[in-house]
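Summary of the model geometry
Below are the chains, spelled out letter by letter.
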There are 4 protein chains.
Amino acid sequence: MSFNTFGHMFRVTTWGESHGPALGATVDGCPPGVPVEATQLQHWLDLRKPGQNRFTTQRREPDEVEILSGVFEGQSTGTPIQLMIRNTDQRSRDYGEIAEAFRPGHADITYWQKYGIRDYRGGGRSSARETAARVAAGGVARAALGVLAPGVSVTGYMVQMGPHRIDRARFDAAEIARNPFWTPDAQAAKDWADYLDALRKSGDSVGAVIEVVARGVPPGLGAPIYAKLDSDLAAAMMSINAVKGVEIGEGMAAAALTGTENADEIRMGPDGPEYLSNHAGGILGGISTGQDVVVRLAVKPTSSILTPRRSVTRTGQETDLVTKGRHDPCVGIRAVPVAEAMMACVILDHLLLHRGQVGEGARGRIG
Amino acid sequence: MSFNTFGHMFRVTTWGESHGPALGATVDGCPPGVPVEATQLQHWLDLRKPGQNRFTTQRREPDEVEILSGVFEGQSTGTPIQLMIRNTDQRSRDYGEIAEAFRPGHADITYWQKYGIRDYRGGGRSSARETAARVAAGGVARAALGVLAPGVSVTGYMVQMGPHRIDRARFDAAEIARNPFWTPDAQAAKDWADYLDALRKSGDSVGAVIEVVARGVPPGLGAPIYAKLDSDLAAAMMSINAVKGVEIGEGMAAAALTGTENADEIRMGPDGPEYLSNHAGGILGGISTGQDVVVRLAVKPTSSILTPRRSVTRTGQETDLVTKGRHDPCVGIRAVPVAEAMMACVILDHLLLHRGQVGEGARGRIG
Amino acid sequence: MSFNTFGHMFRVTTWGESHGPALGATVDGCPPGVPVEATQLQHWLDLRKPGQNRFTTQRREPDEVEILSGVFEGQSTGTPIQLMIRNTDQRSRDYGEIAEAFRPGHADITYWQKYGIRDYRGGGRSSARETAARVAAGGVARAALGVLAPGVSVTGYMVQMGPHRIDRARFDAAEIARNPFWTPDAQAAKDWADYLDALRKSGDSVGAVIEVVARGVPPGLGAPIYAKLDSDLAAAMMSINAVKGVEIGEGMAAAALTGTENADEIRMGPDGPEYLSNHAGGILGGISTGQDVVVRLAVKPTSSILTPRRSVTRTGQETDLVTKGRHDPCVGIRAVPVAEAMMACVILDHLLLHRGQVGEGARGRIG
Amino acid sequence: MSFNTFGHMFRVTTWGESHGPALGATVDGCPPGVPVEATQLQHWLDLRKPGQNRFTTQRREPDEVEILSGVFEGQSTGTPIQLMIRNTDQRSRDYGEIAEAFRPGHADITYWQKYGIRDYRGGGRSSARETAARVAAGGVARAALGVLAPGVSVTGYMVQMGPHRIDRARFDAAEIARNPFWTPDAQAAKDWADYLDALRKSGDSVGAVIEVVARGVPPGLGAPIYAKLDSDLAAAMMSINAVKGVEIGEGMAAAALTGTENADEIRMGPDGPEYLSNHAGGILGGISTGQDVVVRLAVKPTSSILTPRRSVTRTGQETDLVTKGRHDPCVGIRAVPVAEAMMACVILDHLLLHRGQVGEGARGRIG
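Just so it is clear, the structure is predicted and the values come from calculations on it, not from any experiment. (Residues numbered from 1 in each chain as written. Chains lettered and ligands numbered in written order. Predicted model: local features only at pLDDT ≥ 70, side-chain atom pairs only at ≥ 80, totals over all residues. Heavy atoms only, no water.)

1. Quick notes on the overall build of chain A
The condition is simple: A run of H or I in DSSP counts as a helix once it spans at least four residues, and a run of E counts as a strand once it spans at least two, with each numbered from the N terminus. Only protein chains enter the accessibility calculation, which uses a 1.4 Å probe; a residue whose area is less than 20% of its type maximum is buried, one above 50% is exposed, and one in between is partly exposed. Pairs of residues are marked as contacts when any of their non-hydrogen atoms sit within 4.5 Å. In short, Shrake-Rupley with a 1.4 Å probe defines the accessible areas, and a residue's cover is counted only from the protein chains shown. Charge convention: Lys and Arg are scored as positive, Asp and Glu as negative, and His as well as the terminal groups of each chain are ignored. For charged residues, the charge sits on one atom: NZ in Lys, CZ in Arg, CG in Asp, CD in Glu.
Along the backbone of chain A there are seven helices and 18 strands. Buried residues in chain A amount to 71% of all 367 residues. The long-range fraction of contacts in chain A, counting pairs at least 24 apart against all pairs at least 6 apart in sequence, stands at 70%. Carbon and sulfur atoms provide 48% of the accessible area of chain A, an area that totals close to 10,700 Å². Of the charged side chains in chain A, 39 are positive and 41 negative; the average position of the first set lies 5 Å away from that of the second.

2. Considering the pairing of strand S17 (residues 309–312) of chain A
Residue and element names in this part refer to chain A. The test is simple: Pairing between strands is defined by DSSP: at least two bridges between them are needed.
The pairing of S17 with strand S18 (residues 318–321) spans four bridges and is antiparallel. Its bridge partner being in S18, valine 312 is matched across the sheet by glutamate 318. Counted between consecutive antiparallel strands, the loop separating S17 from S18 contains five residues, among which glycine 316 sits at a positive phi close to 90°.

3. With respect to the interface of chain B and chain A
Put simply, the test is: By convention, the term buried area covers the 1.4 Å-probe accessible surface removed from two parts as they join, with the contributions of both added. For this document, the term salt bridge refers to a Lys or Arg side-chain nitrogen within 4 Å of an Asp or Glu carboxyl oxygen.
Each side of the interface is counted separately: chain B has 117 residues, and chain A has 116 residues. Interface area, chain B with chain A, both sides summed: about 9,500 Å², of which 59% is carbon and sulfur. Among the residues chain B hides against chain A, the three largest losses belong to Lys114(B), Tyr226(B) and Lys244(B). Together they make up 10% of the total. In this structure, the connection of chain B to chain A is made through eight salt bridges. Note that Glu265(A) and Arg310(B) form a salt bridge whose closest N and O atoms lie 3.1 Å from each other.

4. Some remarks on the relation of the copies chain B and chain A
Going by this rule: Least squares is the method for superposing the copies, and the C-alpha atoms it fits come from residues with pLDDT of at least 70 in both.
For the pair chain B and chain A, the relating rotation is 180°, the translation along its axis is 0.0 Å, and the fit reaches an RMSD of 0.0 Å. Accordingly, the operation relating the two chain copies is best matched by a two-fold axis. Ranked by how close their C-alpha atoms come to the rotation axis, the residues of chain B are headed by Ala235(B), at 2.4 Å. Both copies contact each other with a shared surface, as 99% of the interface residues of chain B are interface residues in chain A too.

5. Observations concerning the state of the cysteines
Put plainly, two cysteines are in a disulfide when a covalent bond ties their sulfur atoms together. What counts, and what does not: Here, the term disulfide refers to a pair of cysteine sulfur atoms separated by no more than 2.5 Å.
Within the structure shown, the criterion is met by zero disulfides over all chains. We note that Cys345(A) lacks a disulfide partner, and the nearest cysteine sulfur, in Cys30(A), lies 10 Å from it.

6. What about the sheet that holds strand S1 (residues 5–6) of chain A?
Residue and element names in this part refer to chain A. Our working definition: Between N-to-C directions, angles span 0 to 180 degrees; the directions come from axes that are lines fitted to C-alpha atoms, helices contributing only their stretch in contact.
The strand order across the open sheet built from five strands is S1-S2-S3-S7-S4, with neighbouring strands paired in antiparallel fashion. Strands at the two margins of the open sheet, each flanked by one partner only, are S1 and strand S4 (65–67). Here two bridges tie S1 to strand S2 (residues 11–16), and the two strands are oriented antiparallel to one another. Residue pairing for S2: phenylalanine 6 is matched across the bridge by valine 12. Relative to S4, helix H1 (residues 38–48) is tilted by about 150°, and along the sheet it contacts S4 and strand S7 (81–86). Of the strands in this sheet, S2, strand S3 (22–28), S4 and S7 touch helix H3 (residues 130–148), which is tilted by about 35° from S3.

7. Overview of the side chain of Glu175(D)
Among the structural elements, Glu175(D) can be located in the loop between strand S9 (164–165) and helix H4 (186–201). Not counting the four nearest positions on each side in its chain, Glu175(D) is found in contact with Thr183(D), Pro184(D), Asp185(D) and Ala186(D).

8. Structural notes on helix H1 (residues 38–48) of chain D
How we decide: Directions are taken from the helix axis to each C-beta atom, and the arc is the one they span.
Leu41(D), Gln42(D), Leu45(D) and Arg48(D) are the residues of H1(D) that are buried. In an axial view of H1(D), the angular spread of the buried residues amounts to 105°, which keeps them on one side of the axis.

9. Description of unusual backbone geometry
Of note, the phi angle at Glu73(A) is positive, near 50°, even though the residue is not glycine. When you line up the elements, Glu73(A) lands in the loop between strand S5 (71–72) and strand S6 (75–76).

10. Observations concerning the side chain of His19(B)
With respect to the secondary-structure elements, His19(B) resides in the loop between strand S2 (11–16) and strand S3 (22–28). Residue classification places His19(B) among the buried positions, given a relative accessible area of 6%.

11. Overview of the packing of aromatic side chains
Worth spelling out the cut-off: By convention, a stacked pair of Phe, Tyr or Trp rings (six-membered ring in the case of Trp) has centres within 6.5 Å and planes under 30 degrees apart, an edge-to-face pair has planes over 60 apart, and any other such pair is tilted. We call a charge positioned above a ring when the Lys NZ or Arg CZ atom is no farther than 6 Å from the ring centre and deviates by at most 35 degrees from the ring normal.
Overall, the coordinates contain 16 aromatic pairs over all chains when judged by the stated rule. Measuring from centroid to centroid gives 5.4 Å for Phe6(C) and Tyr226(D), while their planes differ by 50°, and the two rings are tilted. Residue Phe6(C) is found in strand S1 (residues 5–6), and its partner Tyr226(D) is found in the loop between strand S10 (208–215) and helix H5 (229–238); the two belong to separate chains. Each member of the pair, Phe6(C) as well as Tyr226(D), carries the same accessibility label: buried. Taken together, a centroid distance of 6.1 Å and an interplanar angle of 70° make the contact between Phe181(D) and Trp192(D) edge-to-face. Residue Phe181(D) is found in the loop between S9 and H4, and its partner Trp192(D) is found in helix H4; the two are separated by eleven residues along the sequence. Across the pair, exposure class does not vary: Phe181(D) and Trp192(D) are buried alike. Above the plane of the ring of Trp112(C) lies Arg314(C), whose end atom (NZ or CZ) is 4.6 Å from the centre. The ring of Trp44(D) has Arg142(D) lying over it, and the distance from NZ or CZ to the ring centre is 3.7 Å.

The quantities given are spatial measurements derived from coordinates; they are silent on function.
If you want it as structure tokens, here you go:
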């Protein structure tokens, strides 16, 4: 899990810049015999694709994925799967004005300081476009889970936009795919639309909280101490652009609970132990319990905004910067399929790790 | 960063169980020529040591660290540094009652399911005792930072216990070492003492939020995408026992901010760019900005409590479980030096990574 | 160094099959600011390209490399460099006859057993075509060495074909590029041409020994025990298709020497210690001495031959197999630039590792 | 596989210096439920122990291994197994004379140059004493193989001492344990005893060739390209002190063979395909065939000899150096159990990798 590679056994290396010729993912460690089709990966990419409604950037990125290796006659071979997406809409003139100045809150200043290279064409490697490669790789992970652990499903949705949270009592899973915010609360979707329209017109942006749930994860996934399932999930989510916080189960709220409140009590069910609550978010001691694995991540507001902000240029001139161009007023929207993809990759990775170190299934029985 | 090893260049492998013969850390990748003394590591271990006041477990763990390798005539040689701490207070009779039942909220059920091994003597590998090894390794990291980046300091403190937060207006760094809670708010320390006494008497426990700040971190540390400084910090903190949430800078609160509010504006100072705020927590695009690196972590309440909780045994019998023995009413207290140690390890690791990939110092100048 | 990735800091992941859409290398960890041009990488690829004379396969592989990421305005940015080579000459009909039978000495049987996938189109991932990606990546490594350690040069040449060794007394470095065998012995080149013509006509193939020398490697490269410079070189060379033996310095012949004979005695020269011989091949204790680093590798004869060999099919039928198609009579010839590429990658990788762990240059002075 | 750690899933980190307090191995990734006893590990250590006859160093190293973690009630728990061996015979006065001068052919010069640290007490980390830790870890690997792949056996023996090779016609496996040279040729054992006595008296030393065979390895072990079984074996063997060459199957001799000679032809046997020869050494395309895995390694002569050799000191003084002390006249003898240990570790590691990536057993059937 270093540099541009993620995972232990299922290893995804993403590559590519926002305005270079192409970007993609080198997926190493996919088991053999998994059905992998470009159309299927395209399905997930299309969900992430911008420009589908007025709430995401109007850049047109067709994001067509091409499978260059590792798949033969529709099945993974066990060798690296190379996924490439050509960049087509490279209007770098939009970025001309920010070629010398640094956007406050954006990575262009730290990339410059670290590397001494200024790819002014829209963020280069730090652009959220990199996440398209993750979504494609996540599609491969989902396909592999479909073979190895067909009961696993991964679903992400937005639970907060700016200061506005959903009402959990209105949670309707079917609603998620029906609104532009991937939210399970239909009323929130309506309110947020108005809120975001107003923000957008004022040249501003806003943050969001995404929740991702993996259902059907068998107990026993996770490795001791530094490859704990929650530690790897935290790393995965925090690696997504603009994410500033990650929570498992109760998350930060766990601090305010007593041990009596926070304990997930256990009774015996027909198929084994059953938990009466899920404060833990499905993970104890870094290992899955068999309950839903629940992760939340906070996405900060887009730093590229139309409101002038004080900044400096490479030569040290002070300036008031406005970022024109086509930017997302709430980049959290497009983070939903990315967070799902990361969850799928981590779960698969730990399934393979567990199978390698321990074997098929859990070793310890209860009851 | 897999299994029991943490880090890319500065790699710490911890080993050992709470009631086995010993535990420790194999520290690989410490640069040569760093002064490393057992007394200096002992200093950090003593801070973490339990039983120093009525708010931490009354187990007596002398936690004396022995340096078995990698140090010659008081200096690191560049070879692995083996740090061993003998376990001495192994009163396993305290755990006899929970040998068959699983503590709700504790890792003993998932360890059993995964490995089919039941080390009933107090948590085994999942015990917080493992963190003593991290603190010792963190001492080596601090010593190396003292040579390679003498301006860096790492400080942790408690900012919330249960529902009670500190008042930032009362923040006094000098206060941190003066109270049993490592909190910079003297008034909070008094209030929390009463609060925790009451909780302890009622047989309950409570969570906490820790903040860790690294000052003097040069700009440019961090590696793209999956070894981002914040991603590695998230993994490091989430790997600490009982941690359920990790925040960088604004953290989860970033979701509620607008882009205008969240932007850290920049002006030129005498020595280069200066930020007018630090919502980012010192990290943009996964790379340090030169500001304070600010991380917060939520620690859940201890699951071993005296209040009966419903649970099951290995044979599937339902039971109401009370965990006797000597447990921390707020395990977050002892997490403070652990979180500091992890911060020190991550900063050093990225300093070495940066030096390897980019060379000494930042490459891009401003002004 | 696992699965399809090689290296610690300079990490090369190759991907692609002989008859898929493309193959390539994902190069992660190249320092920023290195001049990287497609034409320059093409130079090295053209050296490896088959069909240039009658002694290599007559397949036409234009092997045009495209840089898809990580390079901006002619310089590496510090982000992953994606190198892609489209497969164009995919005459899979040539392989129709071996779709069911396994070539003795070829990987197709073990790939089938391991993965249960039969890519009958010419070896798939196990084809020597994969090495084109290594040569391209090696070109990046050479470019980086040109910036970081400009005194380093890497040269490979053939020292044995079948039973025929070169005469070291006739060693002429200028000769290497003048003959189709990359041999420094002009007379050997003539003799081998006749020998190989005869073999080819008889439908047979033969092995070879390659020697690769890195000059100008500074002392101090190499990491203790398991990332020893020689251990990494052995892994790198043994990972090349058809290689069955690797030697450092005296290699296997070291077994027959006495300690008196094998010691490389040392005297002081004007610039520091000078060795009077180089039995060690430039490496002591896994760390470079500053002398030439000398590696030799034995390449077995091509297993795809026109002489019938006894074999079996997937359904267990016994058969006498002849491999038609366009195969190299001495695949060792084309291994020369591949071995050079691996040497360049390993030297660069250890330069970065050393810089990260120890800093610029050696720490211990002599004299 | 970097720095001081070896392996992908079964990861061994050795630590410790020849004259420090202790040395050992941190074994991470041993599956749970493997019977591990100190007495069993001691068995393998005792085989390696010096001073058992006149042909190995007369240093007394009791080499008693202590299991500090990872084993509970005689079984591995799945957590790191810490193996410690205290150093007891630390007669560092023996080394006083070489504290300033560098032994030709020894790592002390390169360690000094790299790290700027001079551990004059007998080689420090570069001492062959480090291999005791490998032998202990190899004992764990053998125990795990005993559970997961009980048909696997690993045997090493000496096939050449100095210029004298064994006669393969006299090969008698039962002889290996009966002579001080671990050779299967009783006559060679007698001849070598005389030869080595003479060498020792003359103050010289000599090299050797070791062969290690793993029997019963199932087909399908090995991972593509850079974690090929042979690549990992080459790295493992070349990481052993004083090894200068590694061969798989025919090894360097493969260069002299034709394709017709080198092909291992295949017929169907009662249980599947059977090979009529084993030039490949049991590995094709980096993946095991099911035949014996055969590796050979050349060990150079001990560099610490009583014959004066020209050298220099740290201050650049030229000197004629004689290494007194207790050194092995043929360090290859003690390399036999070490090479066995490395083979066991690599086979187990690939068994776990295969199980993780592909699942139990091979996927493709023949017949």
